[in-house]
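# Examination of the molecular architecture
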Amino acid sequence: MNSSQALRAALTAADRTDGDVDPTVGAALVGLGYDCDLTLIDDANTPVGAVLVRPAEWSMVTVQDRTVTVPDGVQLDLGATAKAAAADQCAWLVAKDLGCGVLVSLGGDIATAGPAPADGWQLLVQDGAGEPACRVSLPAGAALATSSTLQRRWIHAGRQVHHVLDPRSGRPADPIWRTVSVAASSCLAANTLTTASLVRGHAAAGWLEKLGLPARLVDSGGWVRTIGGWPDEPCRAA
């Protein structure tokens, strides 16, 4: 996958989520101190508040063949889509070359291609120790993604923040959901929905129900809500 393909995937995700998944949040992330490896962020050396050079949103970015136009001051972050798109492409390429069933997992973004095992691809869905766990079976060609407000956290201006931003405010989305998982026909589609769900907060459950895809949402108290045929899960975080 080249850079223009990765950007097109990000812009498609923005379009399909009415801007909830927006690649122009790069400057906001930098303003929050997330401009290096997570383990290297030093709150004492980061500026207070997210400073945007100019208001930004995805429609400002254009891709023409392999030429990308980005306005001055707008910084791109493809973290919400590039890894998922890469998982899809890796699975497809390996299955094509080897002629076998393939599962690729890139940091929780899971794509499959080719035939599945007889009982499906068996997966444990859990966002770390102590969090609710669920085992699911993915059929051939299905994908699964999980987005989280528990992971990739750091301290900024004396407060804990996370990496999933609401593009309209440039601030971390309210952690209504600890995690959201969705199964779809591609990892890119699944991760687009999970990221947008964290941004949409309370409205996410109804939105996902209308889409009819299997989904699992863990709220801030650790209670699990399942949608669209996801296996029932009467459990709560410890």
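Our subject is the structure that appears above.
Everything in this summary refers to the structure shown in the same document. (Residues numbered from 1 in each chain as written. Predicted model: local features only at pLDDT ≥ 70, side-chain atom pairs only at ≥ 80, totals over all residues. Heavy atoms only, no water.)

### Here's the deal with the packing of helix α3 (residues 82–98) against helix α4 (residues 187–200)
Selection rule: Note on definitions: angles span 0 to 180 degrees between N-to-C directions of axes, and those axes are lines fitted to C-alpha atoms, for helices only across the stretch in contact. Under the DSSP-based scheme used, a helix requires at least four consecutive residues in state H or I and a strand at least two consecutive residues in state E, with every element numbered from the N terminus. Throughout, the term roughly parallel applies to angles under 35 degrees, roughly antiparallel to angles over 145, roughly perpendicular to angles from 65 to 115, and oblique to all others. Helix crossings are classified by the rotation of the near helix relative to the far one: an anticlockwise turn of less than a right angle makes the crossing left-handed, while a clockwise turn makes it right-handed. Whether two residues touch is decided by their heavy atoms; if any such pair falls within 4.5 Å, the residues are in contact.
At their nearest, the axes of α3 and α4 sit 7 Å apart, and the two run at 160° to each other. On the basis of their axis angle, the class for α3 and α4 is roughly antiparallel. In the packing of α3 onto α4, the handedness of the crossing is right-handed. Contacts between α3 and α4 involve Ala84, Ala85, Ala87 and Asp88 on the former and, on the latter, Cys187, Leu188 and Asn191.

### Comments concerning the packing of aromatic side chains
Rules: Stacked, tilted and edge-to-face pairs are distinguished by plane angle, under 30 degrees for stacked and over 60 for edge-to-face with tilted covering the rest, among Phe, Tyr and Trp rings (Trp via its six-membered ring) whose centres lie within 6.5 Å. In this scheme, the term charge over a ring applies when either NZ of a lysine or CZ of an arginine sits within 6 Å of the ring centre and within 35 degrees of the ring normal.
Counted according to the given criterion, the structure contains 0 aromatic pairs. Above the plane of the ring of Trp207 lies Arg200, whose end atom (NZ or CZ) is 3.9 Å from the centre.

### A closer look at helix α5 (residues 204–211)
Filter applied, for reference: Burial classification: accessible surface area is computed with a 1.4 Å probe over protein chains only, and a residue below 20% of its type maximum counts as buried, one above 50% as exposed, and the rest as partly exposed. Working definition: the arc comes from the directions between the helix axis and the C-beta atoms, pointing outward to the latter.
Within the span of α5, buried status applies to Ala204, Ala205, Trp207 and Leu208. For α5, the buried positions fall inside an angular range of 160° around the axis, keeping them on one side. Of the surrounding secondary structure, the elements contacted by the buried residues of α5 are β12 (177–184), α4, β13 (215–219) and β14 (224–227). Two residues or fewer after α5 comes Gly212, characterised by a positive phi angle close to 75°.

### Some points on the pattern of salt bridges
The condition that has to hold: Take a side-chain nitrogen of Lys or Arg and a carboxyl oxygen of Asp or Glu: if they are within 4 Å of each other, that pair is a salt bridge.
Counting across every chain of the model gives 6 salt bridges. Connected through salt bridges with shared partners, the residues Asp20, Asp166, Arg168 and Arg200 form a single ionic network.

### A few points about the environment of Ala118
Relative to the helices and strands, Ala118 resides in the loop between β4 (109–113) and β5 (121–125). The class for Ala118 is exposed, based on a relative accessible area of 90%. Along the backbone, Ala118 and Ala140 are 22 residues apart, and their C-alpha atoms lie at a distance of 9.7 Å.

### Some details on the sheet that holds strand β7 (residues 143–148)
Stated precisely, the cut-off is as follows: Two strands pair if DSSP finds at least two bridges between them.
Ordered by their spatial adjacency, 6 strands build an open sheet running β3-β4-β7-β12-β13-β14, and the pairing between neighbours is antiparallel. Whereas interior strands pair on both sides, the edge strands pair on one side only; in this sheet they are β3 (102–106) and β14. Direction aside, neighbouring strands of the sheet carry axes that sit 10° apart on average. Looking at chain direction, β7 and β12 are connected through 6 bridges and run antiparallel. By the bridge assignment for β12, Ala145 is matched with Val182. On the sheet, α3 packs against β3 and β4 and is oriented at approximately 25° with respect to β4. Packed onto the sheet, α5 meets β12, β13 and β14 and runs at close to 25° relative to β14.

### Here's the deal with the packing of α4 against α5
Heads up, the rule is: Asp, Glu, Lys and Arg are counted as charged, while Ala, Val, Leu, Ile, Met, Phe, Trp, Tyr, Cys and Pro are counted as nonpolar; the rest, among them Gly, fall into the polar class.
One way to put it is that α4 packs onto α5 with a least axis distance of 8 Å and a crossing angle of 145°. Here Leu193, Ala196, Ser197 and Arg200 of α4 lie close against α5, whose contacting residues are Ala204, Trp207, Leu208 and Leu211. Of the residues in the contact of α4 with α5, the class split is 6 nonpolar, 1 polar and 1 charged.

### Some remarks on unusual backbone geometry
Despite not being glycine, Asp18 has its phi angle at roughly 55°, a positive value. Position of Asp18 relative to the elements: it lies in the loop between α1 (3–16) and α2 (26–31). Overall, the relative accessible area of 61% leaves Asp18 in the exposed class.

### Focus on the nonpolar core
This is how it is decided: As used in this record, nonpolar core signifies buried Ala, Val, Leu, Ile, Met, Phe, Trp, Tyr and Cys residues forming a set joined through side-chain atoms within 4.5 Å.
Core analysis: the biggest nonpolar cluster contains 17 residues, and Trp177, Val180, Val182, Leu208, Leu217 and Ile227 have the highest contact counts within it. Elements with a minimum of two residues in this core: β12, α4, α5 and β13. Those residues in contact with Val182 that lie beyond four places of it in its chain are Ala143, Leu144, Ala145, Ala190, Leu193, Thr194, Leu208, Leu213, Pro214 and Ala215. Among the nonpolar cores identified, the runner-up in size contains 13 residues, and Ala111, Ala113, Ala143 and Ala145 belong to it.

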